[in-house]
Amino acid sequence: MALTIKKVEHLAILSRLTLTDEEKESFARQMSDILEYADKLNQLDTENIEPMVYILPALNVFREDEVIPSTPREELLANASVAEDGYFKVPKIL
Amino acid sequence: MNREYEIVVGLEVHVELKTKTKIFCSCSTEFGAEPNTQVCPGCAGFPGTLPVLNRKVVEYGIKTGLALNCEIAEMSRFDRKNYFYPDLPKAYQISQFYMPICKNGYLDIEVDGAKKRIGITRAHLEEDAGKLVHQGTITSTEYSLVDLNRGGMGLLEIVSEPDIRSAQEARAYLEKLRAVLLFAGVSDCKMQEGSLRCDANVSVRPRGQKELGTRVEIKNLNSFRALEKSIEYEASRQINAIEDGEELFQETRTWDEEKQVTRAMRSKEDAEDYRYFPDPDLAPVYVSQEWIAEVSASMPELPDQARQRLVNDCGLPDYDASILTLTPATLKFFDEAVTEYNQPKIVSNWIMGELNRLLNVNNMEIEDSRLVPGEMVKLLKLIDAGTISGKIAKTVFEEMFSTGKEPEQIIKEKGLVQISDEDTLKAMIDDIVAANPKVVEDYKNGKEKAFGFFVGQLMKATRGQANPAIVNKLLQERLSRE
Amino acid sequence: MQLYDMTISELSVLIKERKISAQELTRAYLQRIDEVEEQVGAFITRTDELAIQQAGEFDHNPVNKPLAGIPYGLKDNICTRGVRTTCASKMLGDFVPAYNARVAACLQDQQGILLGKLNLDEFAMGCSTETSAFKPTSNPWDLQRLAGGSSGGSAAAVAAGEVAYSLGTDTGGSIRQPAAYCGLVGLKPTYGLVSRFGAIANTSSLDQVGVITRDVWDCALVLNAIAGYDPQDGTSVKIDVPDYTADLSGDIKGLRIAYPREYFQNNTDTAIVEQVKRALHEYEQLGAIVEEVSLPYSEYALPAYYIISRAEASTNLARYDGVQFGLRDVKADNVADLYADSRAAGFGAEVKLRILLGSYVLSADYYETYYLKAMKARRLIHDDFTRVFENHDIIITPTTPTTAFQRDEFRSDLLNLYRNDILTVPVNMAGLPGMSVPCGFIDGLPAGMQLIGKPFKEKMLLNAALAFEQAHDYYKARPNLGGDR
Ligand SMILES: [Mg+2]
Ligand SMILES: [Zn+2]
């Protein structure tokens, strides 16, 4: 099944990626190839198979409710390109 | 409200769990800290960090589920809800989508004396997002600031069935839910601080129609009043639209507090595809029967039980009991007062009357007031002893409420002690009667009002401090001699 | 023999006996890096000053720990406090973590000497180190060829004598394949044995941090240092970790070895198949019981892997939006553009492709068709191994279908490039420990043999690997990169 450019554009919006026209084309082609290969899975009868959500048998991996001091703010903001008054900063949302 | 239509409402309530630390990291959840000071690489979504689940959050989830009559899932687990927004640093929210911890519960509410059961579809655990600070409004701001202190706090999202049929029922449901959560001790439920948040799904349909109408989600309901008003507004908006032949579409709207209208936010057509899938970083949660029993055993008295107790053991009217069990703080106040002063109805009257009035006027919660039950009891005993009148007591009470002073001190300072000395009062009555022969005539001619006139004059002369029972008795005696 | 040719255990004797100081050893390694790094391209960031300082501290106050004073390198997707950690991506070109990965902290506790951060495919997505935003890494055995990937820098640095050992991460073969291409021992531990905290996620349910060394003993030494429960990682397992070097003898009498026929067919070079078959014969002579088995579902591992890994990666990489960390498009005047443009500028083509594909298979319309189907296939693949392990102790296969390939060899053939992982991916899908050991040379290039074990039975793998190593001297061979030897 070939993936359309339109579909790639929709995925690009979902994934927040600006794509060039060439990228859209090559990704559409590459994704189609991979999905076609992945269709091999349809050979499998998985009727009564439980999906393997967890590889480990572990249950109830918990942490106790005890406070550990947070990161100093300067350190927290040190990797942000833009910060102001102790906040991270973003341009307008709407 | 147009009678041909029926309103259908379901509520989604997010409640912040009162644990010491966040749901997946060890940062403090204390309210009101400086921005971004309760944040670690984990809750800021930094590369390489991993979530580890807070046991207490699960315990509170179970507790709430039990309090809401839910089935507690033996197995539950966490999924990733993928969407981009500046308050969500990982760009996915960890949330129980496929397998929530609580299902199939209910809550009994009451509107104008009519009882009703509202179904609870599910309650699931998830993490909260951070906070955005806009310069102006979200639409006018040039940029926004991101504070992640709230990000990663443990939330329980409680989803009701669309069983609610009016704005009043919606309010009653939210009030009852809040009471249950407060009694269970899982959240402080402060709407103004955002620890209790409510979205409403509202639709209308012609009465008798089975299928549901087009549903609109209203966000940003920060108060009971906003919940009620927005449902009323939205329902009539929808009815008008239908009547005008307009087509309704599924959308998210926001409540504009200032204009008292709902406004379109986004339509469901450009709704996100959240691409939910199980979060591989978090092991599933298994809740054994033993665990449930343990949590159940630690469950405090819930509002309905307390209400029963007040009716059965204290002999209160059911209405009083329903008001006194709206918050655990109110009930605690009542219980403490009654321990020292075993006249439940009198205590109830004072709480429901004067105390609630003052709390409302001052926009306060009972736990924020300076008044303690023991002091109120002292006041009640002073009334019984005849030291002050019930009327004066209200003045004293108001003063106690605002200053936290003891009643005796206030009475002394303001000279409010009741005058019960018969000789003093007799002399004053003599004077008043002598000064008003005309009224005495009226009284003799059977004019009822005349008696009241003398009482009023006396109260005026004593600045209201005369003991009314004694005044009554003495005045009767005096006038009968005329 | 040169210092840079020695194993950890050899160097450690010199250090302990004070025949050499850690500073001298560090300087020798730094000199080696100066000599060969230009040809190899294994490093993204060198930490010369830090290394000399750490060595000085050790010399001043020596501790008696197996890895103390030994120079090593970390794959650059392992977070290091105060040291830039890039994932070989422009996105994290300036990212300096305020925290150490658990494994980085473990090696620091050992007072090892960190020489730098090693190249990889961008975000560990690839099997050639060609998707690195900085440079490809050459194979020290043949500089025209690649070191493999995604832990290409980790393998090449050890093979070239630039570090004594390294850590890598393995999602579908990213430790074992480059180890095989570079003639080294590479171990991907059981999922959950080594903490993933601070190892930047590619595919959370498959990723494991592991070890690349010159020989088996070294591998056991390093595993000792990094294995074990970490409360910061909810998928780290609470088990008693054995001492992996204790009783490591190479005695394998009675060991039940299975070789799955599917792993010796079609895609795999006959020369490699022959090498591994010869090894199996040798195992038999050493007293092991060797039997052919079938793992019919393994052929579905690769397609299932494409789906699961892309799905998880697409959400793991959603956090790179330019706000809290990472590359930011400062020109953007609204949030939507800020995200889409920062991500477009920060990520390379392979990463974008995986994000898009992952978004696709998780989207509401395709979740069942692809994602859920793949998760079911994963169960079948896992159970297949469980069945074989009922009667066998370890499974042996070739590590890779070919020896190291050339630059751009698969430029126009992505699927064939991906097929490099075909023999290693099933092990990740089943969460099992897998190890690659050198098993000979084909046309002057190293070939690797893969040993697969039961969960948490790393020791059995190490012992079996040691048995083979003792019978050969493949592990002693070093590539000729010039310099004194
Ligand atoms: Mg929610
Ligand atoms: Zn935190």
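Up top is the structure these notes are about.
Presented here is an overview of the structure given in this document. These numbers were taken from a predicted model, which means no experiment stands behind them.

## Describing the overall build of chain C
Step number 1: The secondary structure content of chain C amounts to 15 helices and 13 strands.
Step number 2: Here chain C has a C-alpha radius of gyration of 21 Å; the compact-globule value for 485 residues is 23 Å, and the two agree.
Step number 3: Taken along its principal axes, the extent of the C-alpha atoms in chain C is 65 × 55 × 45 Å.
Step number 4: Restricting to contacts in chain C with at least 6 residues of sequence separation, those with at least 24 account for 76%.
Step number 5: Looking at chain C as shown, the accessible area adds up to about 15000 Å², and 46% of this sits on carbon and sulfur atoms.
Step number 6: Charge centroids of chain C, computed over 46 positive and 60 negative side chains, lie 3 Å from each other.

## Concerning a negative patch on the surface
Step number 1: Residues E4(B), E243(B), D244(B) and E246(B) make up a contiguous surface patch of negative charge.
Step number 2: Of note, E243(B) is situated in helix α3 (residues 224-243).

## Regarding the packing of aromatic side chains
Step number 1: Applying the stated criterion across every chain yields a total of 34 aromatic pairs over all chains.
Step number 2: Relative to F325(C), the ring of F46(B) has its centre 4.8 Å away and its plane inclined at 55 degrees; by these criteria the two rings are tilted. Here the residue F46(B) occupies a position in the loop between β1 (5-16) and β2 (53-54), and F325(C) occupies one in the loop between α9 (301-316) and α10 (335-346), the pair thus bridging two chains. Comparing F46(B) with F325(C), the two get one shared label, buried.
Step number 3: Centre to centre, the rings of F453(B) and F454(B) are 5.7 Å apart; their planes meet at 70 degrees, and the pair counts as edge-to-face.
Step number 4: Take F453(B): its relative accessible area is 31%, and that puts it in the partly exposed class.
Step number 5: Assessed through its relative accessible area of 1%, F454(B) is described here as buried.
Step number 6: Ring pairing ties together the aromatic residues F46(B), F95(C), Y99(C), F123(C), F197(C), Y320(C), F325(C) and F347(C), which thus form one cluster.
Step number 7: Seen from the ring of Y143(B), K89(A) lies directly overhead, with NZ or CZ sitting 3.9 Å from the centre.
Step number 8: Between R117(B) and the ring centre of Y106(B), over which it is positioned, the NZ or CZ distance is 3.7 Å.

## Quick notes on unusual backbone geometry
Step number 1: Between G149(C) and S150(C) the backbone carries a cis peptide bond, its omega angle lying at 10 degrees.
Step number 2: Relative to the helices and strands, S150(C) is located in the loop between β5 (142-146) and α5 (152-159).
Step number 3: The phi dihedral of Q260(B) falls on the positive side, at around 55 degrees, and the residue is not glycine.
Step number 4: Position of Q260(B) among the secondary structure elements: in the loop between β14 (251-256) and β15 (261-267).
Step number 5: Its identity as a non-glycine residue notwithstanding, A88(C) has a phi of 55 degrees, on the positive side.
Step number 6: Residue classification places A88(C) among the buried residues on the basis of a relative accessible area of 0%.

## Topic: the coordination of the magnesium ion (ligand 1)
Residues and elements named next belong to chain B.
Step number 1: Ligation of the magnesium ion (ligand 1) by protein atoms is provided by H14 (NE2), E126 (OE), E126 (OE) and E157 (OE), these donors lying 2.0 to 2.8 Å from the ion.
Step number 2: Summarised as a motif, the one-chain spacing of the donors to the magnesium ion (ligand 1) is H-x111-E-x30-E. Note that H14 is positioned in strand β1 and E157 in strand β11 (residues 154-160), a separation of 143 residues in sequence.

## Describing the nonpolar core
Step number 1: Core analysis: the biggest nonpolar cluster contains 213 residues, and F123(C), L167(C), Y283(C), F385(C), M435(C), M449(C) and L451(C) have the highest contact counts within it.
Step number 2: The biggest single contributor to this core is helix α12 (residues 367-389) of chain C, with 11 residues.
Step number 3: For F385(C), the contacting residues outside a window of four places in its chain are Y263(C), L295(C), S298(C), I395(C), P426(C), A430(C), L432(C) and I452(C).
Step number 4: Counting residues in each nonpolar core, the second largest holds 105 residues, with Y60(B), L282(B), L382(B) and I411(B) among its members.

## As for a nonpolar patch on the surface
Step number 1: Nonpolar side chains collect at one region of the surface, where L59(A), M75(B) and Y286(B) lie side by side and expose about 230 Å² of accessible area between them.
Step number 2: With respect to the helices, strands and loops of the structure, L59(A) is situated in the loop between α2 (21-38) and β1 (62-63).
Step number 3: Taking relative accessible area as the criterion, L59(A) reaches 36% and is therefore assigned partly exposed.

## Focus: the coordination of the zinc ion (ligand 2)
Residue and element names in this part refer to chain B.
Step number 1: The zinc ion (ligand 2) binds to the protein through C25 (SG), C27 (SG), C40 (SG) and C43 (SG); the donor distances cover 2.2 to 2.3 Å.
Step number 2: Seen from the zinc ion (ligand 2), its four donor atoms lie at angles of 101 to 114 degrees, and the figure they make is tetrahedral.
Step number 3: Counting the intervening residues between successive donors of the zinc ion (ligand 2) yields the motif C-x1-C-x12-C-x2-C. Of this pair, C27 sits in the loop between β1 and β2 while C43 sits in the loop between β1 and β2, placing them 16 residues apart in sequence. Taken as a pair, C27 and C43 share a single burial class, namely buried.

## Things to note about the interface of chain A and chain B
Step number 1: Counting residues at the interface gives 31 residues for chain A, matched by 56 residues for chain B.
Step number 2: There are one salt bridge connecting chain A and chain B.
Step number 3: For R55(B), the salt bridge is made with E64(A), and the minimal N-O distance between the two is 2.9 Å.
Step number 4: Scanning the region where chain A abuts chain B turns up 25 residue pairs in polar contact (both at pLDDT 80 or more).
Step number 5: Listed by contribution, the elements that provide at least two residues to the side of chain A that touches chain B are β1, α3 (73-77) and β3 (87-91) of chain A.

## Describing the packing of helix α2 (residues 167-184) of chain B against α3(B)
Residue and element names in this part refer to chain B.
Step number 1: Where α2 contacts α3, the two axes come as close as 8 Å, and the packing angle between them is 155 degrees. The angle between the axes of α2 and α3 places the two elements in the roughly antiparallel class. Judged by the sense of rotation from one axis to the other, the crossing of α2 with α3 is right-handed. Across the interface between the two elements, A167, Q168, A170, R171, L174, E175 and R178 from α2 touch F224, R225, L227, E228, I231 and E232 from α3.

## Re helix α5 (residues 303-312) of chain B
Residues and elements named next belong to chain B.
Step number 1: What α5 keeps buried is the set P303, A306, R307 and L310. Buried positions in α5, seen along its axis, are confined to an arc of 100 degrees and lie on one side of it.
Step number 2: Contact partners of the buried residues in α5: β7 (102-111), β8 (114-127), α2, α6 (318-324) and α7 (328-340).

## Brief notes about the interface of chain A and chain C
Step number 1: Taken residue by residue, the interface counts 47 residues in chain A and 63 residues in chain C.
Step number 2: For the pair chain A and chain C, the summed buried area comes to about 5100 Å², and 69% of that belongs to carbon and sulfur atoms.
Step number 3: Taken together, the links from chain A to chain C amount to three salt bridges.
Step number 4: Counting across the interface, chain A meets chain C through 19 residue pairs in polar contact (both at pLDDT 80 or more).

## Here we look at the sheet that holds strand β10 (residues 143-147) of chain B
Step number 1: Ordered by their spatial adjacency, four strands build an open sheet running β2(A)-β3(A)-β10(B)-β9(B), and the pairing between neighbours is antiparallel. The open sheet terminates on both sides in strands that have one partner only, identified here as β2 (83-84) of chain A together with β9 (131-134) of chain B.
Step number 2: Looking at chain direction, β9(B) and β10(B) are connected through four bridges and run antiparallel. Opposite V133(B), over in β10(B), you have L145(B) as the bridge partner.

## A few points about the pairing of β10(B)
The side chains of a regular strand alternate between both faces of the sheet.
Step number 1: A large share of β10(B) lies buried, amounting to four of its five residues.
Step number 2: Sheet topology places β3(A) next to β10(B); four bridges connect them, and they run antiparallel. Bridge pairing in β10(B) places P91(A) opposite Y143(B).

## Description of the environment of K56(B)
Step number 1: Among the secondary structure elements, K56(B) is positioned in helix α1 (residues 55-67).
Step number 2: For K56(B), a relative accessible area of 29% translates into the label partly exposed.
Step number 3: Distance in space between the C-alpha atoms of K56(B) and K176(B) is 24 Å, their sequence separation being 120 residues.
Step number 4: Excluding anything up to four places from it in sequence, K56(B) contacts D65(A) and T19(B).

## Here we look at the pairing of strand β13 (residues 216-221) of chain B
Residue and element names in this part refer to chain B.
Step number 1: Here strand β12 (residues 196-206) runs beside β13; their pairing, made up of four bridges, is antiparallel. Counterpart to V202 in the pairing with β13 is V216.
Step number 2: Sheet topology places β13 next to β14; four bridges connect them, and they run parallel. If you follow I218 over to β14, its bridge partner there is R253.
Step number 3: Between β13 and its parallel partner β14, the chain crosses via α3, and the hand of that crossover is left-handed.

## A few points about the environment of S150(C)
Residues and elements named next belong to chain C.
Step number 1: Relative accessible area serves as the criterion here: at 0%, S150 is assigned to the buried category.
Step number 2: Taking the C-alpha atoms as reference points, S150 and Y244, 94 residues apart in sequence, are found 26 Å from one another.
Step number 3: Among all residues touching S150, those that are not within four sequence positions of it are K75, N119, L120, D121, A124, M125, G126, C127, T129, T169 and S174.
Step number 4: For S150, the side chain forms a polar contact with the side chain of K75, separated by 2.7 Å.

Conventions used here
- Residues numbered from 1 in each chain as written.
- Chains lettered and ligands numbered in written order.
- Predicted model: local features only at pLDDT ≥ 70, side-chain atom pairs only at ≥ 80, totals over all residues.
- Heavy atoms only, no water.
- Helix = DSSP H or I, 4+ residues; strand = E, 2+ residues; numbered from the N terminus.
- Rg over C-alpha atoms; globule rule 2.2 N^0.38 Å.
- Contact = heavy atoms within 4.5 Å.
- Areas by Shrake-Rupley, 256 points an atom, 1.4 Å probe, with all protein chains shown as cover.
- Lys, Arg positive; Asp, Glu negative; His and termini not counted.
- Charge placed at Lys NZ, Arg CZ, Asp CG, Glu CD.
- Patch = residues over 30% accessible without salt bridge, like charges linked within 9 Å, V, L, I, M, F, W, Y side chains within 5 Å.
- Salt bridge = Lys/Arg side-chain N within 4 Å of Asp/Glu carboxyl O.
- Phe/Tyr/Trp six-rings, centres within 6.5 Å; stacked < 30°, edge-to-face > 60°.
- Buried < 20%, exposed > 50% of the residue type's maximum accessible area, 1.4 Å probe, protein only.
- Lys NZ or Arg CZ within 6 Å of the ring centre and 35° of its normal.
- Donors = N, O, S within 2.8 Å, 3.2 Å for Na, K, Ca; no water.
- Core = buried A, V, L, I, M, F, W, Y, C linked by side-chain atoms within 4.5 Å.
- Tetrahedral: all angles 85-135°; square planar, octahedral: opposite > 155°, others 65-115°.
- Polar contact = N/O pair within 3.5 Å; in protein donor to acceptor, adjacent residues only side chain to side chain.
- Axes fitted to C-alpha atoms, helices over the stretch in contact; angles between N-to-C directions.
- Parallel < 35°, antiparallel > 145°, perpendicular 65-115°, else oblique.
- Left-handed = near helix turned anticlockwise from the far one by under 90°.
- Arc of directions from axis to C-beta.
- Buried area = accessible area lost by both parts, 1.4 Å probe.
- Pairing = 2+ DSSP bridges.
- Right-handed = clockwise from strand over helix to strand, strands pointing away.

On their own, these measurements won't tell you what the molecule is for.
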